Amino acid sequence: MKASILTIGDEILIGQIVDTNSAFISQQLGSLGVVVEEMRSVGDVKSEITRALDALFAVSDLVVITGGLGPTKDDITKHTLAEYFGASRMVVHQPTLQHVTAWLTSRGISVGPLNEAQALVPDVCEVMMNAVGTAPGMWFERNSHVIARSEEQATWQSQAIDSGSPHLKVAVSLPGVPYEMEYLVVNELLPRVKKRFALGRVFHKNIITTNIAESKLAEVIAEWESALPQHLRLAYLPSFAGVKLRLSCYNADQIPALEADVAARIQQLQALIPQHIVGFDDDTLESVIGKLLKAKNATLATAESCTGGRVAAMVASVPGASAYYKGSVVAYANEAKVNLLGVAESDLKAHGAVSREVVEQMATGARRTLHTDYAIATSGTAGPDGGTPQKPVGTVWIAVATPQKVASQMLQLGNNRERTTLRAAVH
């Protein structure tokens, strides 16, 4: 089964907001084995929406649409879809009206005509109740020959009719607000897709690597990759945290045998890059570190200068981190390093804040102050100013204090401030 994603809104096209909805929808559909063929963004213009639907239905069985469902006049998706699918009228969906009224009243907001209009839906759609917002989702479906509209559609229209078995084509319209969209995808869209479409079984296995560049990783595992069978597809998914390797098999019929084969191949991979594999599937660097600390019944503190709290945010993002993470000292100024972490003023004068001596004292000071087994510290020159020939912009020192010793390392992370702080936190 193939799907496409259409986002609607001028705010996306002008870069006012970042489209994260498409990534979430694609991931969720992929978990069912649905292949996303295309993603598009169009403005709040009826002709653009219609033209995009024509093109996407030519290659997809399902088009998932987000945006343009609010109470304001520029939100035209609902009325465009009503015309596109041949609705004869708009009708009040009473459960939605009751929900909108109760939802707004509970927040002390009076219900106006624009709010009530959100309960109006085309008479040809199936309503998907939005329990976390006011705009309902809508499910439209037709056989392929019914919704063919343009010359671009003529080919697949005639093919469907000639075959004698026109395909089911579905458009689903969802709110653009991310948490509302996510709720509807998980609770309404995915269950319907499972019921209405014949889905092949899908298998994914993620291998989480770090501290190796994508090009180098591909070089090291080239022979292993070449030996993969045709039914196993390997994808490289790079990020600042590392490269995720994803093994996928679509239309898998023998899952237990496939899992055993993949496990054996991962063992071979671990022999090739043992120092770079940190976890599998939904693991992250911070969640793996959390598991190790829990297993050791150990605690952690952080002391940050150039990263400004990013290490703390990563560690604390893991549910249950309070079991091992005690807190952070963001000591940006030298006086904070002295007063809060016990860094010697003489070392700051002699070596500077960006030095082995200072970052190691920051780590031991955080461990002492917060009474933990381990502590991580960072100090660097993120730029764009402050660099010297001896310590150019992008120079970062990282230290880790343990009950036995302190280890430290200097990194050169480039001259972009945002990327330097992010890379430092990941390291």
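Description of the structure in this document. (Residues numbered from 1 in each chain as written. Predicted model: local features only at pLDDT ≥ 70, side-chain atom pairs only at ≥ 80, totals over all residues. Heavy atoms only, no water.)

Quick word on the sheet that holds strand E14 (residues 325–330)
Taken together, five strands build an open sheet; the order of strands is E14-E13-E15-E16-E17 and the sheet is mixed. Both edges of this open sheet fall to E14 and strand E17 (406–412), since each of them pairs with a single strand only. For this sheet, the mean angle separating the axes of adjacent strands, direction not counted, is 15°. The pairing of strand E16 (residues 395–401) with E17 spans seven bridges and is classified as antiparallel. Residue pairing in the sheet places Trp 397 in a bridge with Met 410 of E17. (Pairing = 2+ DSSP bridges. Helix = DSSP H or I, 4+ residues; strand = E, 2+ residues; numbered from the N terminus. Axes fitted to C-alpha atoms, helices over the stretch in contact; angles between N-to-C directions.)

A word on the pairing of E16
Of all seven residues that make up E16, six are buried, and the element is covered over most of its length. As defined by bridge partners, strand E15 (residues 374–380) adjoins E16 across six bridges and the pair is classed as antiparallel. Each bridged residue has a counterpart across the sheet, and for Ser 379 the counterpart in E16 is Trp 397. Here E16 folds back onto E17, and the loop between the two strands holds four residues. (Buried < 20%, exposed > 50% of the residue type's maximum accessible area, 1.4 Å probe, protein only.)

Some words on the sheet that holds strand E10 (residues 233–239)
Spatial ordering of the open sheet is given by E10-E11-E9-E12, a layout of four strands whose pairing is antiparallel. Each edge of the open sheet carries a strand with a single partner, namely E10 and strand E12 (277–280). Pairwise comparison of adjacent strand axes, ignoring direction, gives a mean angle of 25° for this sheet. Pairing of E10 with strand E11 (residues 242–250), which is carried by seven bridges, proceeds in the antiparallel orientation. Pairing of Ser 239 across the sheet is with Gly 242, part of E11.

Focus: the side chain of His 276
Structurally, the position occupied by His 276 is in the loop between helix H12 (255–272) and E12. Within the structure, His 276 has its side chain in polar contact with the side chain of Gln 275 (distance 3.4 Å). (Polar contact = N/O pair within 3.5 Å; in protein donor to acceptor, adjacent residues only side chain to side chain.)

Examining unusual backbone geometry
What you tend to see is this: most non-glycine residues have negative phi, and most peptide bonds are trans. Of note, the bond from Gly 383 into Pro 384 is cis; its omega dihedral lies within 30 degrees of zero at 5°. Along the chain, Pro 384 falls in the loop between E15 and E16. You will see that His 371, though not glycine, has its phi angle at about 55°, which is positive. The residue His 371 is located in the loop between helix H17 (356–370) and E15 in this model. Of the residues examined, His 371 reaches a relative accessible area of 68% and is grouped as exposed.

What to know about the pattern of salt bridges
Under the counting rule described, the total for this entry stands at twelve salt bridges. With a closest N to O distance of 2.6 Å, Glu 38 and Arg 40 form a salt bridge. Judged by its relative accessible area of 25%, Glu 38 falls in the partly exposed class. According to the relative accessible area criterion, Arg 40 is partly exposed, its value standing at 30%. The shortest N-O distance in the salt bridge between Asp 261 and Arg 265 comes to 3.1 Å. Placement of the pair is Asp 261 and Arg 265 together in helix H12, with a separation of four residues, close to one helical turn. Among the residues examined, Asp 261 registers a relative accessible area of 25% and is labelled partly exposed. On the basis of relative accessibility, which here comes to 16%, the residue Arg 265 falls in the buried class. (Salt bridge = Lys/Arg side-chain N within 4 Å of Asp/Glu carboxyl O.)

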